[in-house]
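Residues per chain, in single letters:
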Protein chains: 2
Amino acid sequence: MTVGIVGLGLIGGSIGLALREPGRKIVGYDPNPESVKTARSRFCIDSEASLEEVAQADIVFVAAPPAAVISVLDTIWSSKAPQTVVSDCTSVKANVIAWATKQNDPNFVAGHPMAGHENSGAAFASAWMFRNARWILCPVKGTSKTSITTVESAIKAMGATPVRMKPEDHDRQVATVSHLPHAIAGALVLLRSELGDGDFSGGSWRDLTRVGGVDPNLWTQIFMENRVELSKAIHTLEVQLEGLKASLDNENAAGVHHFLERVKQAKKTDGH
Amino acid sequence: MTVGIVGLGLIGGSIGLALREPGRKIVGYDPNPESVKTARSRFCIDSEASLEEVAQADIVFVAAPPAAVISVLDTIWSSKAPQTVVSDCTSVKANVIAWATKQNDPNFVAGHPMAGHENSGAAFASAWMFRNARWILCPVKGTSKTSITTVESAIKAMGATPVRMKPEDHDRQVATVSHLPHAIAGALVLLRSELGDGDFSGGSWRDLTRVGGVDPNLWTQIFMENRVELSKAIHTLEVQLEGLKASLDNENAAGVHHFLERVKQAKKTDGH
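Residues numbered from 1 in each chain as written. Chains lettered and ligands numbered in written order. Predicted model: local features only at pLDDT ≥ 70, side-chain atom pairs only at ≥ 80, totals over all residues. Heavy atoms only, no water.

Asks: Give a description of the interface of chain A and chain B that names residues and reports values.
Replies: Tallying the contact residues gives 80 residues for chain A and 80 residues for chain B. Of the roughly 7900 Å² buried between chain A and chain B on both sides combined, carbon and sulfur atoms contribute 69%. Here Arg-227 of chain A ties to Glu-251 of chain B by a salt bridge, and the two come within 3.4 Å at their closest N and O atoms. Applying the counting criterion to the chain A and chain B interface returns 8 residue pairs in polar contact (both at pLDDT 80 or more). Those elements that place two or more of their residues in the side of chain A that touches chain B are β7 (134-138), α7 (167-195), α8 (203-209), α9 (216-225), α10 (227-249) and α11 (253-270) of chain A. The greatest single-element share of the side of chain A that touches chain B, amounting to 22 residues, is contributed by α7 of chain A. When grouped by side-chain class, the residues that make up the side of chain A that touches chain B number 36 nonpolar, 24 polar and 20 charged. (Contact = heavy atoms within 4.5 Å. Buried area = accessible area lost by both parts, 1.4 Å probe. Salt bridge = Lys/Arg side-chain N within 4 Å of Asp/Glu carboxyl O. Polar contact = N/O pair within 3.5 Å; in protein donor to acceptor, adjacent residues only side chain to side chain. Helix = DSSP H or I, 4+ residues; strand = E, 2+ residues; numbered from the N terminus. Nonpolar A, V, L, I, M, F, W, Y, C, P; charged D, E, K, R; others polar.)

Asks: Requested: an account of the sheet that holds strand β7 (residues 134-138) of chain B, with residues and values cited.
Replies: All names here are of chain B. Spatial ordering of the open sheet is given by β3-β2-β1-β4-β5-β6-β7-β8, a layout of 8 strands whose pairing is mixed. Sheet topology places β3 (47-48) and β8 (161-164) at the edges, where each strand pairs with a single neighbour. In terms of strand pairing, strand β4 (residues 59-62) meets strand β5 (residues 85-88) through 4 bridges, oriented parallel. Counted as the bridge partner of Ile-59 is Val-85 from β5. On top of the sheet, helix α4 (residues 66-79) reaches β1 (2-6), β4, β5 and β6 (108-113); it is set at about 160 degrees to β4, its chief contact. (Pairing = 2+ DSSP bridges. Axes fitted to C-alpha atoms, helices over the stretch in contact; angles between N-to-C directions.)

Asks: Please set out the confidence of the model for chain A residue by residue, giving values where relevant.
Replies: Overall, the predicted model of chain A reaches an average pLDDT of 92, with 96% of residues at or above 70. In the predicted complex, the global pTM is 0.82; the interface-specific ipTM is 0.83. (pLDDT = per-residue confidence, 0-100.)

Asks: So what about the sheet that holds strand β6 (residues 108-113) of chain A? Which residues, and what values?
Replies: Hydrogen bonds between backbone atoms are what pair the strands of a sheet, whose relative direction is either parallel or antiparallel. Residue and element names in this part refer to chain A. Spatially, 8 strands are ordered β3-β2-β1-β4-β5-β6-β7-β8 in an open sheet, and the strand pairing comes out mixed. With partners counted over all chains shown, the strands left at the sheet margins are β3 (47-48) and β8 (161-164), one partner each. Across 4 bridges, β7 lies against β8 in parallel orientation. Residue pairing across strands places Leu-137 opposite Arg-164, the latter belonging to β8. The sheet contacts of helix α1 (residues 10-19) involve β1 (2-6), β2 (25-29), β4 (59-62), β6 and β7, and relative to β1 the element is tilted by about 165 degrees.

Take a look at the structure:
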């Protein structure tokens with residue numbers, strides 16, 4: 001079995017490492033020679049190939065930046081083998097789903113692995129990146145069961161759990177559980193930098209700001225693609241915080257307690 | 001040397017474990033018999049004692065809830081040995097500092113260990129709780145150098161780094177680096193509970209919501225004591241998020257990029 005990977009960054013590199021096994025040949029493409037070099041030196045891929053060659057693999061994962069994904073998919077579709085199953089890893093699904101709906105090809109499965117970290121590039125890739133992570137799949141009407149099964153098998157082989165979801169639900173939820181946390185982490189880092197000297201932050205601070213400082217180019221694309229849902233999520237967060245702030249400003253201890261008690265109850269059912 | 005601990009919860013219990021050494025006798029008091037039992041069974045203290053007896057120790061750490069601290073300090077001062085040095089662990093300093101300024105006793109050193117986690121009680125206490133943590137001290141005019149040195153030695157013995165700070169700076173900074181993260185974590189947990197089914201959150205979500213669900217009684221006291229600074233911190237966060245939201249709403253990719261680029265630069269100098 002040949003696995004193709006387009007985009008040899010943190011996610012693409014990790015897919016290569018996670019699928020590495022004697023029976024699989026892993027070929028990769030990235031327009032940046034430095035990324036290819038890093039991916040090869042870390043054994044993320046067996047060999048480099050052109051995008052057209054990668055498109056001949058049995059399964060191709062597209063882990064390109066959001067702004068490049070559609071043009072990559074178009075190129076793959078102009079040269080791919082008939083049986084090649086393709087899945088993308090883009091963290092916002094609206095654009096890719098619009099493309100998939102138009103294309104209506106049984107062999108494309110839109111996807112999004114819920115994994116990553118604050119560093120980028122294959123230098124930080126890990127075979128364990130997807131262990132115990134959810135990997136969302138958003139099939140469209142024309143997507144075949146066979147290609148879904150093929151992608152799900154590969155996802156399971158990486159240690160992740162495939163979860164099917166409607167694309168609009170995906171984009172709305174990901175705005176809250178991933179993009180909003182990144183926006184908050186950024187805002188907190190800016191607040192902290194304005195506080196000046198006196199560094200004594202504790203564990204909660206380190207946790208909340210870990211993903212502050214992510215790659216501005218990549219995350220501008222992600223935020224912009226999901227701008228409607230992210231804007232709504234920011235607004236909803238502000239409504240919650242304004243409620244707490246009003247209790248504080250009115251010296252309303254019962255109101256503060258009510259907020260924290262609701263959080264405690266919600267957290268119990270949240271499971272994280 | 002005898003160490004006294006008032007309040008045998010997560011922090012008090014951890015102080016006991018962190019200072020456990022053949023040369024030190026650790027005596028503890030807590031009004032709740034269950035807390036005493038847990039602290040004893042986990043070897044956080046050598047023996048239980050009344051508050052008046054604990055007040056005879058060479059050094060006493062007061063790790064009582066914010067609402068109880070002043071009354072505990074008053075009781076200790078009505079019965080303490082002349083040489084006993086006392087330090088509190090309260091996470092908001094304004095009330096304690098007002099008391100200390102009025103008392104003007106050379107043997108009291110206001111403090112705050114920048115450590116803890118989302119669970120409470122001595123059942124979760126750890127000898128390693130304070131390793132590599134900052135431990136803020138806010139001496140007042142009357143505080144003697146000898147008692148500061150005594151407290152700093154104990155703090156270093158626990159593996160923490162003592163840092164001196166003005167109480168008003170402490171309360172302002174802690175509002176941003178500790179209380180605000182707790183407020184955000186709470187707001188996020190509430191948002192998530194409204195999203196309904198489809199649990200697929202990633203690492204950034206787990207990080208940001210870890211401290212969501214903390215003890216409502218304790219944290220109501222903390223939030224209320226620092227309500228002015230926390231309210232300001234929430235407002236400042238909202239200003240930052242509103243700036244990002246405006247860029248998203250105006251489809252201003254350059255604005256989003258500028259936000260993320262500023263975060264990246266600030267994070268570099270933040271050191272966390």
